[in-house]
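Next come the chains, spelled out residue by residue.
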Amino acid sequence: MDKLTFSDFTTGEKATIARLTARMALPRADLRKLQRRVERIEQQALRRKQGK
């Protein structure tokens, strides 16, 4: 199984992950929802990497 590195993400994906991670620190954050969004981005990056 391929491992993702930070360079496998697009600039937009990096910014989105950073924003979502910051939102996870808020007390009212729905962690499960935010984690699913990050996982979805990771899956997109992995599919793109495997397609090369």
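Q: Would you take a moment to explain helix α1 (residues 11-24) for this structure?
A: For an α-helix, the turn length of 3.6 residues means that residues three or four places apart are oriented alike. Between the first and last C-alpha of α1 there are 20 Å, a value that for 14 residues agrees with the 20 Å anticipated at 1.5 Å per step. Taken as a whole, α1 has its buried residues at Glu13, Thr16, Ile17 and Leu20. The buried residues of α1 all sit within an arc of 100° when viewed along its axis, so they share a single face. Structurally, α1 contributes buried residues whose contacts are with α2 (31-50).

Q: What exactly am I supposed to notice about the packing of α1 against α2 here?
A: Helices that pack against each other are described as a pair by the angle of their axes relative to one another and the distance between those axes. Interaxial distance between α1 and α2 falls to 10 Å at its minimum, and their mutual angle equals 160°. On the basis of the axis angle, α1 is roughly antiparallel to α2. Regarding α1 and α2, the two cross each other, and that crossing is left-handed. Packed against α1, whose contacting residues are Glu13, Thr16, Ile17, Arg19, Leu20, Arg23 and Met24, the element α2 presents Leu31, Leu34, Gln35, Arg37, Val38, Ile41, Gln44, Ala45 and Arg48 at the interface.

The rules behind each value
- Residues numbered from 1 in each chain as written.
- Predicted model: local features only at pLDDT ≥ 70, side-chain atom pairs only at ≥ 80, totals over all residues.
- Heavy atoms only, no water.
- Helix = DSSP H or I, 4+ residues; strand = E, 2+ residues; numbered from the N terminus.
- Expected span 1.5 Å × (residues − 1).
- Buried < 20%, exposed > 50% of the residue type's maximum accessible area, 1.4 Å probe, protein only.
- Arc of directions from axis to C-beta.
- Contact = heavy atoms within 4.5 Å.
- Axes fitted to C-alpha atoms, helices over the stretch in contact; angles between N-to-C directions.
- Parallel < 35°, antiparallel > 145°, perpendicular 65-115°, else oblique.
- Left-handed = near helix turned anticlockwise from the far one by under 90°.

Keep in mind these values describe shape, not function.
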